[in-house]
Amino acid sequence: MTITLEDSQVEITAEFESQADEIITHYPVSKRSATLPLLHIWQETFGYISDQACHWIAAKLELQPINVLELITFYPMFRTAPAGRHHIRVCRTLSCAMAGSYKLLDKVCEAAGIDQHASHGHGAHILKSADGKFSVEFVECLASCGTGPVCMVNDDFYEAVDPENLDPVLGKYE
Amino acid sequence: MIAPVRIPHPREKRMIFKNIDRHDYAPDMETYLNEGGYEQLKKALTLQPSEVVEEVKKSGVRGRGGAGFPCGVKWGFIRPDEKRPIYLICNADESEPGTFKDRYIIHQDPHQLIEGMIISCFACRVNLAYIYIRGEFPEGAKILEKALAEAREKNFLGKNILGTGYDLDIFVHRGAGAYICGEETGLIESLEGKRAYPRIKPPYFPAAIGLYQNPTIVNNVETLCNVKHVMRIGGEEFAKLGTPNNTGTRILCVSGDVMKPGYYEFEVGSVSMGELIYDICGGLKPGRKLKAVIPGGSSAKVLRAGETYKIKGKDADGNPTENEIGLEDIRMDFDSLAAVGSMAGSGGVIVMDDTRDMVWVLNNINEFYAHESCGQCTPCREGSLWMKKITDRIMDGGGVLEDPDTLKSVADNIAGKTICAFGEACSWPTQSFIAKFRDEFAAKATKRVPAATSPEFMRDSLVKAVS
């Protein structure tokens, strides 16, 4: 599998730079430890990990770009293409599946206007609605097995979701 | 996140989860201090670190993350004359399917964890510690960061803690969706900013060579919370809770086909599987029968309803005895579950009733492990995917007669042949499902003949193409 990072450019604000510098102070022994946190704040700020992200973080931490790239391809939460304005994660794993997570995924896709004919997993691109409002991902265990099926929308967490009534989950997102 | 309010079951003994689901309890410093918070830390700071370790050893508290290794013994691996910096990492990468206890501690009672962690750091002479929290808990990470800031403000953290001359700082480190980071050496690699490839051990366990090549203690969230309670009641009193060698309380996370799934905290070994399912969790749905239970997170070997187990023990005079017990009689503790060939693991109990298709269940589990294998060792990287592909094809009606044997053979060739315990974790489900539900797999796998091979892949055409 070849990974090509998008060649888009964003402006690094002073605020972002100081946020990164603050994080680096958490790792007095090795700056390299700050790679994951910097990838997180990059994705939170700019939406996805681009070629610029990979090079900027590497330079910041005095690493080679490959040291950053190998994490992007390893950790499932990092995406190399933009998601929708609101990113939905539906838990796929056993207890949620027993509680109906496959149906939930179908209904979420239907409600969000997403065509889901692609498998999830590493390298699978994120499924987006045509209007760019929502994107969806079928993820592994979200650790709330007692209240399945569960999903996350951005950082918000929803338990015991009723697939037939998604308005309380999706309704409030613009 | 507000969890649904639930009154604890009368059989429960809430120690770690005392403040969970309380509407008058907020995850902030003020509430915690009003409830006597950080008193145990003050007490610990009047002792020598070695005395705290001694208390924890006496308590017999075993790791709550999965392996059940005695916490005090782990701490004892740090050499008393150690000159290198020592690190402690709280493993909050809760991701074993079926387990959801740490979520509630982090979200609703973060100071309990932090107090337990500071005491543990003091005991192990640690000046820098991290909480490695899974990436899927963004809110939990924020709550912990706020709680840590509050603790710094009160000088429970930072330089010269409460005037004792002890320095400690704790930082939150977020993972990014990889299950393997729950493995302690994978977690350490991840914290070093690398792919979470577990390290080979023995010879060097993290207590000898861990984070940044220095001695490191990795403890689960629940274990660290227990340390606070060991300080509160003393190691000897703590050891009286539960049964010998299985001390303290245990949070069991029940999910699947029961009427009242959820988390329940008991003295270890005080309930049996039958009591847990039928009394405490309200039994199965109307008209359903119990089919199987996975007792300790998805990697624990499955137990089949109706099975019997021969348990060896000793009578009052020390003579060997042998009892035959059923699934319902198994005590929910480390040793009893190990004795029936499974494990207490992380405390995640997944209950399945007679409507469940075991091939479907195993297929779901296999997909998880195929996705989460870190890819470092060939048997696991390839094998976990093969097992998933085989259960996939059985599900799709393309299974062949040999599939149950092939599955078992693949699983047998992963376990014990990998760097970390993921190899066992991904093969135990397949091994146990095939051993206990072979008929179901065989019946499904023989339904149809395999699809014909495309002509270009037939032997003759391949030979022709080569020649």
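The structure displayed is predicted, hence computed values, not measured ones.

Thoughts on the overall build of chain B
Here is step 1: In terms of helices and strands, chain B carries 17 helices and 13 strands.
Here is step 2: What you see for chain B is a C-alpha radius of gyration of 24 Å, in line with the 23 Å of a compact globule of 467 residues.
Here is step 3: Relative to its full complement of 467 residues, chain B shows a buried share of 54%.
Here is step 4: Considering only contacts in chain B between residues 6 or more positions apart, those separated by 24 or more positions represent 72%.

Here we look at the pairing of strand β2 (residues 128-133) of chain B
Each regular strand carries side chains that alternate between the two faces of the sheet.
All names here are of chain B.
Here is step 1: Counting buried residues in β2 gives six out of six residues, a clear majority hidden from the surface.
Here is step 2: Two strands pair when backbone bridges link them, and strand β1 (residues 87-92) and β2 are joined in this way by six bridges, in the parallel orientation. Pairing of Ala-92 across the sheet is with Ile-133, part of β2.
Here is step 3: For β2 and strand β3 (residues 169-174), the ladder comprises six bridges, and the chain directions are parallel. Looking at the pairing, Leu-128 lines up with Asp-169 of β3.

A look at the pairing of strand β13 (residues 348-353) of chain B
All names here are of chain B.
Here is step 1: Most of β13 sits out of view: five of its six residues are buried.
Here is step 2: Pairing of strand β7 (residues 249-256) with β13 involves four bridges; the strand directions are parallel. Along β13, the bridge assignment pairs Ser-255 with Ile-350.
Here is step 3: Bridging between strand β9 (residues 290-294) and β13 involves four bridges; their strand directions are antiparallel. Along β13, the bridge assignment pairs Leu-290 with Asp-353.

Focus: the interface of chain A and chain B
Here is step 1: Facing the 33 residues of chain A at the interface are 41 residues of chain B.
Here is step 2: Residue composition of the side of chain A that touches chain B, by class: 18 nonpolar, 11 polar and four charged.

Comments concerning the sheet that holds β7(B)
Here is step 1: With mixed pairing, the five strands of this open sheet are ordered in space as β8-β7-β13-β9-β10 (chain B). Each edge of the open sheet is held by one strand with a lone partner, namely β8 (262-267) and β10 (303-304) of chain B.

Some remarks on the packing of helix α3 (residues 51-60) of chain A against helix α4 (residues 65-72) of chain A
All names here are of chain A.
Here is step 1: Where α3 meets α4, the closest approach of the two axes is 8 Å, and the angle between their N-to-C directions is 125°. Accordingly, the angle class assigned to the pair α3 and α4 is oblique. Between α3 and α4 lies a crossing whose hand is right-handed. On α4, the residues touching Cys-54, His-55, Ile-57 and Ala-58 of α3 are Pro-65, Asn-67, Val-68, Leu-69 and Ile-72.
Here is step 2: Residues that form the contact of α3 with α4 fall into these classes: seven nonpolar, two polar and no charged.

Points about the confidence of the model for chain B
Residue and element names in this part refer to chain B.
Here is step 1: Across chain B, the average pLDDT comes to 93, with 97% of residues at or above 70.
Here is step 2: At the low end of the mean pLDDT range in chain B sits helix α17 (residues 459-466), at 70; at the high end sits β2, at 98.
Here is step 3: Scoring of the predicted complex yields 0.93 for pTM and 0.94 for ipTM.

Considerations on unusual backbone geometry
When glycine is set aside, most residues are seen to have a negative phi, and most peptide bonds are trans.
Here is step 1: The omega torsion of the bond from A:Gly148 to A:Pro149 falls at -5°, within 30 degrees of zero and hence cis.
Here is step 2: In this structure, A:Pro149 sits in the loop between β3 (134-139) and β4 (151-153).
Here is step 3: The omega torsion of the bond from B:Lys201 to B:Pro202 falls at -5°, within 30 degrees of zero and hence cis.
Here is step 4: For B:Asn155, which is not glycine, the phi torsion reads 65° and is therefore positive.
Here is step 5: Along the chain, B:Asn155 turns up in the loop between α7 (138-153) and β3.
Here is step 6: When the 13 C-beta atoms within 10 Å are taken as the criterion, B:Asn155 is described as partly exposed.

Digging into the sheet that holds β1(B)
Residues and elements named next belong to chain B.
Here is step 1: If you walk across this open sheet you meet the four strands as β3-β2-β1-β4, and the pairing is parallel. Edge strands, defined here as strands with exactly one partner in the open sheet, are β3 and β4 (216-220). On average, each strand axis in the sheet is tilted by 20° relative to the strand beside it, whichever way the strands run.
Here is step 2: Where helix α6 (residues 110-123) meets the sheet, its contacts fall on β1, β2, β3 and β4, and the angle it forms with β1 comes to roughly 150°.

Conventions used here
- Residues numbered from 1 in each chain as written.
- Chains lettered and ligands numbered in written order.
- Predicted model: local features only at pLDDT ≥ 70, side-chain atom pairs only at ≥ 80, totals over all residues.
- Helix = DSSP H or I, 4+ residues; strand = E, 2+ residues; numbered from the N terminus.
- Rg over C-alpha atoms; globule rule 2.2 N^0.38 Å.
- Buried ≥ 20, exposed ≤ 12 C-beta atoms within 10 Å, placed from the backbone.
- Contact = placed C-beta atoms within 7 Å.
- Pairing = 2+ DSSP bridges.
- Nonpolar A, V, L, I, M, F, W, Y, C, P; charged D, E, K, R; others polar.
- Axes fitted to C-alpha atoms, helices over the stretch in contact; angles between N-to-C directions.
- Parallel < 35°, antiparallel > 145°, perpendicular 65-115°, else oblique.
- Left-handed = near helix turned anticlockwise from the far one by under 90°.
- pLDDT = per-residue confidence, 0-100.

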